[in-house]
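# Structural overview
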Amino acid sequence: GTLILFIISLVVAKKGKLLADYILIAWLFVFLLNVFTLFLIGQDGYSPKLLSEKLLFEFSEASIFLHGPFFWFYTLALTQSKFPLEKKYLIHVILFVASFSLLVRGAILEGSVSFNIRKWLILLKMLSLVIYTLAVIIQLRRHRKSIRNIFSNTEEKQLNWIYFLCWGILTIWFVA
């Protein structure tokens with residue numbers, strides 16, 4: 001959590017921020033909420049009792065559906081010089097909204113969400129993450145092809161760190 005806050009502060013302090021920076025800041029805040037929720041869950045005997053705590057836990061659970069779109073939008077913003085974040089991209093948050101609504105409805109109206117629903121959501125989250133990670137890999141390959149036609153030295157522009165991150169995500173997904 002401290003490291004995430006530090007990275008957020010570095011990006012916020014950056015002069016001349018681009019769209020990619022704002023996407024990264026939003027993505028890191030979602031990560032921070034996930035870490036905070038995991039910290040609370042890790043406390044002995046802790047279970048959410050207040051409505052606000054339940055909402056935080058269900059948001060954290062549903063927010064996994066946001067990591068893929070954030071990763072993809074961040075990559076698009078880095079690889080396309082004039083990437084516009086338009087309303088048409090809201091379709092990518094439908095799974096988050098649907099799952100959050102389902103989880104909140106279950107938590108408030110029924111007291112909890114059934115194991116079956118949570119099991120299906122886990123499978124959907126894993127599938128979503130793989131699809132978006134593969135989309136990022138495809139976008140990086142397109143980007144590598146396009147920069148070869150423009151620059152003679154492409155080493156700094158290839159975004160290898162994102163490529164390695166993709167393979168790390170896929171490895172963790174496979175193990176999970």
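Summarising the element assignment, Asn34 is placed in helix H2 (residues 19-41). Overall, the relative accessible area of 9% leaves Asn34 in the buried class. Within the structure, the side chain of Asn34 is placed 2.8 Å from the side chain of Ser60, a separation counted as a polar contact. Of the polar contacts made by the side chain of Asn34, one reaches the side chain of His67; its length is 2.7 Å.

Now for the layout of surface pockets. Put simply, the largest pocket is a space of about 640 Å³. Taken together, 21 residues form the lining of the largest pocket, with Trp27, Phe31, His67, Leu129 and Ile169 sitting closest to its centre. Contributions of two or more residues to the lining of the largest pocket are made by H2, helix H4 (64-79), helix H6 (115-148) and helix H7 (160-175). The element contributing the most residues to the lining of the largest pocket is H7, with six residues. Looking at the lining of the largest pocket residue by residue, the class counts come to 16 nonpolar, three polar and two charged. The computed volume of the second largest pocket comes to approximately 230 Å³. Broken down by secondary-structure element, the contributors of at least two residues to the lining of the second largest pocket are H2 and helix H3 (51-62). Its residues assigned to classes, the lining of the second largest pocket comprises six nonpolar, three polar and three charged.

Taken together, Leu3, Phe6, Ile7 and Leu10 make up a surface patch of nonpolar side chains, about 400 Å² in accessible area. Relative to the assigned elements, Ile7 resides in helix H1 (residues 2-13).

Attention shifts here to the pattern of salt bridges. Taken as a whole and assessed by the stated rule, the structure comprises four salt bridges. Put simply, Glu58 and Arg118 hold a salt bridge, and the shortest N to O gap is 2.8 Å. A residue pair is termed long-range when its members are at least 10 positions apart, and Glu58 in helix H3 and Arg118 in helix H6 qualify at 60 residues. Residue class for Arg118 comes out partly exposed when judged on its relative accessible area of 24%. Between Lys125 and Glu61 there is a salt bridge, and its shortest N-O distance comes to 2.5 Å. With Lys125 in helix H6 and Glu61 in helix H3, this residue pair connects regions lying 64 residues apart in the sequence. According to the relative accessible area criterion, Lys125 is buried, its value standing at 10%.

What counts, and at which threshold
- Residues numbered from 1 in each chain as written.
- Predicted model: local features only at pLDDT ≥ 70, side-chain atom pairs only at ≥ 80, totals over all residues.
- Heavy atoms only, no water.
- Helix = DSSP H or I, 4+ residues; strand = E, 2+ residues; numbered from the N terminus.
- Buried < 20%, exposed > 50% of the residue type's maximum accessible area, 1.4 Å probe, protein only.
- Polar contact = N/O pair within 3.5 Å; in protein donor to acceptor, adjacent residues only side chain to side chain.
- 1 Å grid on protein atoms, 1.4 Å probe; cavity = no way out; pocket = protein on both sides within 12 Å on 5 of 7 lines; lining within 4 Å.
- Points joined across faces, edges and corners; volume = space filled by probe spheres on them.
- Nonpolar A, V, L, I, M, F, W, Y, C, P; charged D, E, K, R; others polar.
- Patch = residues over 30% accessible without salt bridge, like charges linked within 9 Å, V, L, I, M, F, W, Y side chains within 5 Å.
- Areas by Shrake-Rupley, 256 points an atom, 1.4 Å probe, with all protein chains shown as cover.
- Salt bridge = Lys/Arg side-chain N within 4 Å of Asp/Glu carboxyl O.

Purely spatial values, then, with no claim about function.
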